[in-house]
Amino acid sequence: MSLRNIGVVYRKELKDSLRDRRTVISMVVVPILLFPALTMGMGYLGAKMMTEAKQEVPEVMVVGGNDSPRLMEALKSNKKINAVPASDDYIAQISNKKVRAAVIIPANFDAAAERGEGKTIVIDYYEGEVKSQLAEKTIEDSLTDYREKLARQLVAARGVPGQLAKPFETDDENVAPPEKVAGSSLGGLIPYFVIILALTGAMYPAMDLTAGEKERGTMETILTSPVARTDLVLGKFFMVLTASMATAILSLSSMGVSFLFAKNTLDRLLSDEAHGVHFSIDPSAVLAVFVMILPLSVLFSAVLLAIALFAKSFREAQTYLSPLTIIVIMPAIIALLPGIELNSRTALIPILSTTLVCKELVGGSHPWGFITLIFFASCLYASIAIGVAVSLFNRESVLFRA
Amino acid sequence: MVHSPAQFPVKIEFQFMSEAIVSTPPPPIIEVDELSKHSRTFHRREGIWGGLQNLFYREYKTVAAVDRVSFTINRGEMVGYIGPNGAGKSTSIKMLTGILVPTSGKALVNGYIPYKQRRQYVRTIGVVFGQRTQLWWDIAVIESFKLLRRIYDVSQRDFDARMEQFNHVLGISDFLYTPVRKLSLGERMRCDLAAALLHNPPLLFLDEPTIGLDVVAKHHIREFLRTVNREYQTTVLLTTHDLDDIEELCKRILIIDHGKVLFDGPLEVLKSRLLRTKHIKFAVKQQIDSDTLRLFAGDGVSVDQVDEVTFRLRFDRTKVSGADLIRKLLAEHDVRDLLIEDEPIEEIIKRIYAGEASLVAD
């Protein structure tokens, strides 16, 4: 192994790649444009939808209640909903999103309520549909208000002070630091994107430097030079790693910038601060994410290089590598699922562990034991992958597969 | 075989003998002994069902790409290595350049075993693959040269001197700053040759150096190779499908097919041994009835008409005497012009490849 020759190969590949438009696109343009496009686009759409949903006065069908004028009056006086008479197919109408919800009022409700019989009003809505859920919430709030008012009246009518109907109040207060809030909502997403980009950034050069070189026939010529095969594969590996890291770094910085913009835009769009998302990510957390993704980048680069080396042509390499994207996305998605937590077992699963630990880091906590374990485990996997790539490169049957 | 002088009983009374010892030829630059390369390929079944079967069960068979090939090449020789597609030429070249490891046999080139001492060895050779380039596709030619300078540890002074020389002979200065992908094939080949010779190797392997080039470009390349061979005694082994390359460059040819050497010797020997057919091309003063020429046709002779007044007689010189044929022709017709031609070398090679011609000396 000669560092000088590795350097020569690396510089050659770097020069060659930087003059290749496709590499530049996958390495530089995609990560820089993808994040702003994603955050701005998705954030804008999401905010717009929420605002729209909240501005809409939902149409709500009222089933029954003809014998309960006071309840009907309470519902109709609420300007936040539009109570209309029910038709028979109200369930179908909710499913078809014609109306947002329905209120089913039991017979003789007003009279029963005055006697304190505790009849149940059912609210039908469509779970998972934002506008329907909002309508359900509005109806429930409205009914709760009415219940309190009614209780106060009933208690007062019996000569007892009204406050006894509501003997105490509750209030909530968030004590989690803002980055922790961001961590739970975005912490999983950020490393997920960066990991995927670290993979896709490495993909094109890995194919170009192996299968592409075989296809162009330049593999034989470089093999007739006095550069050892190990130096050759390591030079190529460092180039792929550079592409992977460049993509990760550029996407991280682009993410930071676009989140700053998105924050302002979203804040303006969402006057209701309860639904506003808090974007505040510590720069040191970004650095920490970068450090954790580094060994993963090494792993990706080596694995991609080893697999692409098997292929005889660029197209064949693409066939081999596309399933790999799914293999990488799966653990990253699993990490986003609720209930998947960092423990001694998940810490040993590559990609999953990195996504989980990055989630923690972005969320502001630093589980040092896991950080160390995951970092070194990733380094171990990465060095095994480099070893495999080097040994494959020294095998004639792989280099000149018939 | 290398004879050291000590093995000879030197006798002072035989003056000519000691002179013979002094002029003992240097050891050959390439020694190949029973070199073989086997590759394992699997038998592909046909159809969709066959394709599925291929996925799970493969029948492998071993193919000898190169089968016990032996030859030696001396310093300063220019040897044509020819054979049909798939004959084993490229595999041989790959073994001799250290890319592939032979299955069996020995090769000693420039005193090195190519596949064992590859890194030291390749510093003493230059390689050009006609259909590929060792210049890097997207970067300017000069950058490739600079990288090769570093890889081969060529000093800046030698590098500058050689670049100047290449500019002079190959005229590459015009496109040194152009990316390789924008060069024409002829320009690229000139640059590739310069790249292969940058470290001044005594031995040059060329795999189809003139493939796809136009007549002028071919001429440039051949001229350059002749110059290098003459001035620096650079040994050249070249594979080609263009027999003009052979006729213009090589005194000696090696014909290989199915991994075996079919012929090894001077081009003249091949011709004299295999030139069975000769052509007599003649023109007559007045238009004649081609039927009258039919009389000539017969055992070993055939006639065809080139144009109104020109005809060609092909005859097998083992069966018919050319002199008799000409005598008869001149006696019967008013011949204005006459030319005797050898069978084109392509025809001979074609017959060898088709297995019609035996190369075993009678």
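Residues numbered from 1 in each chain as written. Chains lettered and ligands numbered in written order. Predicted model: local features only at pLDDT ≥ 70, side-chain atom pairs only at ≥ 80, totals over all residues.

## Some remarks on the overall build of chain A
Phase 1 of the analysis: Along the backbone of chain A there are 15 helices and four strands.
Phase 2 of the analysis: Rg of the C-alpha trace for chain A: 30 Å, well past the compact-globule value of 21 Å for 402 residues, more than 25% over.
Phase 3 of the analysis: Going through the 402 residues of chain A one by one, you find that 40% of them count as buried.
Phase 4 of the analysis: Put simply, of all contacts in chain A between residues at least 6 apart along the chain, 77% involve residues at least 24 apart. (Helix = DSSP H or I, 4+ residues; strand = E, 2+ residues; numbered from the N terminus. Rg over C-alpha atoms; globule rule 2.2 N^0.38 Å. Buried ≥ 20, exposed ≤ 12 C-beta atoms within 10 Å, placed from the backbone. Contact = placed C-beta atoms within 7 Å.)

## What to know about the overall build of chain B
Phase 1 of the analysis: Across its full length, chain B holds 13 helices and 13 strands.
Phase 2 of the analysis: Over its C-alpha atoms chain B spans a radius of gyration of 26 Å, topping by over 25% the 21 Å that the globule rule assigns to 362 residues.
Phase 3 of the analysis: With the C-alpha coordinates aligned to their principal axes, the bounding extent of chain B is approximately 80 × 75 × 50 Å.
Phase 4 of the analysis: Counting all 362 residues of chain B, 32% fall into the buried class.
Phase 5 of the analysis: For chain B, contacts bridging at least 24 residues in sequence account for 70% of all contacts bridging at least 6.

## Observations regarding the pairing of strand β11 (residues 301–305) of chain B
Residues and elements named next belong to chain B.
Phase 1 of the analysis: Note: β11 against strand β12 (residues 310–316), five bridges, orientation antiparallel. Note that in β12 the partner of Val301 across the bridge is Phe315.
Phase 2 of the analysis: What sits between the antiparallel neighbours β11 and β12 is a turn of four residues. (Pairing = 2+ DSSP bridges.)

## Concerning the environment of Asn66(A)
Phase 1 of the analysis: Tracing the backbone through its elements, the reader meets Asn66(A) in the loop between β1 (59–63) and α3 (69–77).
Phase 2 of the analysis: Residues Asn66(A) and Phe109(A), spaced 43 residues apart in sequence, show a C-alpha to C-alpha distance of 9.5 Å.

## Considering the interface of chain A and chain B
Phase 1 of the analysis: Between chain A and chain B, the contact holds 21 residues from the first and 24 residues from the second.
Phase 2 of the analysis: Looking at the side of chain A that touches chain B, the elements that each hand over two or more residues are α1 (3–18) and α9 (218–223) of chain A.
Phase 3 of the analysis: The greatest single-element share of the side of chain A that touches chain B, amounting to five residues, is contributed by α9(A).
Phase 4 of the analysis: Looking at the side of chain A that touches chain B, its residues break down into eight nonpolar, five polar and eight charged. (Nonpolar A, V, L, I, M, F, W, Y, C, P; charged D, E, K, R; others polar.)

## With respect to the environment of Met49(A)
All names here are of chain A.
Phase 1 of the analysis: Along the chain, the position of Met49 falls in helix α2 (residues 21–55).
Phase 2 of the analysis: Its 12 C-beta neighbours within 10 Å are what place Met49 among the exposed residues.
Phase 3 of the analysis: Each C-alpha atom, one on Met49 and one on Val24, is 35 Å from the other, the two residues being 25 residues apart in sequence.

## Some thoughts on helix α7 (residues 185–196) of chain B
Residues and elements named next belong to chain B.
Phase 1 of the analysis: With twelve residues, α7 extends 16 Å between its outermost C-alpha atoms, agreeing within 8% with the 16 Å of an ideal straight helix rising 1.5 Å per residue.
Phase 2 of the analysis: What α7 keeps buried is the set Arg188, Met189, Arg190, Cys191, Asp192, Leu193, Ala194, Ala195 and Ala196.
Phase 3 of the analysis: Where the residues of α7 are buried, they touch β5 (125–129), α5 (141–151), α6 (156–170), β6 (203–207) and α8 (215–232). (Expected span 1.5 Å × (residues − 1).)

## Some points on the nonpolar core
All names here are of chain A.
Phase 1 of the analysis: With 148 residues, the main nonpolar core has Ala302, Leu304 and Ala308 as its most contacted residues.
Phase 2 of the analysis: With 17 residues, the top contributor of residues to this core is helix α11 (residues 283–310).
Phase 3 of the analysis: Non-local contacts of Ala308, meaning those with residues more than four positions away in its chain, are made with Ala206, Met207, Thr210, Ala211, Ala317, Tyr320 and Leu321.
Phase 4 of the analysis: Within the second largest apolar cluster, 20 residues are counted, among which are Leu75, Ile81, Ala83 and Ala101. (Core = buried A, V, L, I, M, F, W, Y, C linked by C-beta atoms within 7 Å.)

## Notes on unusual backbone geometry
Residues and elements named next belong to chain B.
Phase 1 of the analysis: The residue Arg68 is not glycine, and still its phi comes out positive at about 45°.
Phase 2 of the analysis: Summarising the element assignment, Arg68 is placed in strand β2 (residues 59–73).
Phase 3 of the analysis: Residue classification places Arg68 among the partly exposed positions, given that 14 C-beta atoms sit within 10 Å.
Phase 4 of the analysis: With a phi angle near 50°, Asp153 is a residue other than glycine that sits in the positive phi range.
Phase 5 of the analysis: Within the secondary structure, Asp153 sits in the loop between α5 and α6.

## A look at the sheet that holds strand β9 (residues 260–266) of chain B
All names here are of chain B.
Phase 1 of the analysis: Across the sheet, six strands lie side by side as β5-β6-β7-β3-β8-β9; this open sheet has mixed pairing. For this open sheet the edge positions go to β5 and β9, each flanked by a neighbour on one side alone. Adjacent strand axes in the sheet meet at a mean angle of 15° when their direction is disregarded.
Phase 2 of the analysis: Here six bridges tie strand β8 (residues 252–257) to β9, and the two strands are oriented antiparallel to one another. (Axes fitted to C-alpha atoms, helices over the stretch in contact; angles between N-to-C directions.)

## A word on the packing of α1(A) against α5(B)
Phase 1 of the analysis: Between α1(A) and α5(B), the least distance of the axes is 10 Å, while the angle of their chain directions is 170°. With respect to α5(B), the axis of α1(A) lies roughly antiparallel. Packed against α1(A), whose contacting residues are Val8(A), Lys12(A) and Lys15(A), the element α5(B) presents Glu143(B), Leu147(B), Arg150(B) and Ile151(B) at the interface.
Phase 2 of the analysis: Among the residues making up the contact of α1(A) with α5(B), the classes are represented as three nonpolar, no polar and four charged. (Parallel < 35°, antiparallel > 145°, perpendicular 65-115°, else oblique.)

## Brief notes about the environment of Tyr152(B)
Phase 1 of the analysis: If you trace the backbone, Tyr152(B) turns up in the loop between α5 and α6.
Phase 2 of the analysis: Note: C-alpha distance between Tyr152(B) and Ala297(B) (145 residues apart in sequence) is 63 Å.
Phase 3 of the analysis: Leaving out residues up to four positions away in the same chain, Tyr152(B) has contacts with Pro226(A), Arg123(B), Leu198(B) and His199(B).

## Observations concerning the sheet that holds strand β2 (residues 82–85) of chain A
Residue and element names in this part refer to chain A.
Phase 1 of the analysis: Read across the open sheet, the four strands follow the order β2-β1-β3-β4; overall the sheet is mixed. The sheet terminates laterally at β2 and β4 (122–125), the two strands that pair on one side only. Shown here is a sheet whose adjacent strand axes are inclined to one another by a mean of 30°, direction ignored.
Phase 2 of the analysis: Across four bridges, strand β3 (residues 101–104) lies against β4 in antiparallel orientation. Paired with Ile104 across the strands is Val122, a residue of β4.
Phase 3 of the analysis: The sheet contacts of helix α6 (residues 130–157) involve β1, β3 and β4, and relative to β4 the element is tilted by about 165°.

## Concerning the confidence of the model for chain A
Residues and elements named next belong to chain A.
Phase 1 of the analysis: Confidence in the prediction for chain A averages 82 pLDDT; 91% of positions are at 70 or higher.
Phase 2 of the analysis: At the low end of the mean pLDDT range in chain A sits helix α7 (residues 178–186), at 55; at the high end sits helix α14 (residues 368–393), at 91.
Phase 3 of the analysis: The low-confidence segment residues 271–278 (pLDDT under 50) makes ten contacts with residues lying over four places distant or belonging to another chain. (pLDDT = per-residue confidence, 0-100.)

## Here's the deal with the packing of helix α8 (residues 189–216) of chain A against helix α12 (residues 314–336) of chain A
Residue and element names in this part refer to chain A.
Phase 1 of the analysis: Contact geometry for α8 and α12: axes closest at 10 Å, N-to-C directions at 165°. Considering the angle they form, α8 stands roughly antiparallel to α12. Judged by the twist between their axes, the crossing of α8 over α12 is right-handed. Contact residues: α8 offers Tyr192, Ile195, Ile196, Leu199, Met203, Met207, Ala211, Gly212 and Glu215, while α12 offers Phe314, Glu316, Ala317, Gln318, Leu321, Thr325, Val328, Ile329, Ala332 and Leu336.
Phase 2 of the analysis: Considering only residue class, the contact of α8 with α12 consists of 14 nonpolar, three polar and two charged. (Left-handed = near helix turned anticlockwise from the far one by under 90°.)

## Observations regarding the confidence of the model for chain B
Phase 1 of the analysis: Counting all residues, the mean pLDDT for chain B is 83, and 91% of those residues have values of 70 or more.
Phase 2 of the analysis: Quick note on the complex model: pTM equals 0.74, ipTM equals 0.72.

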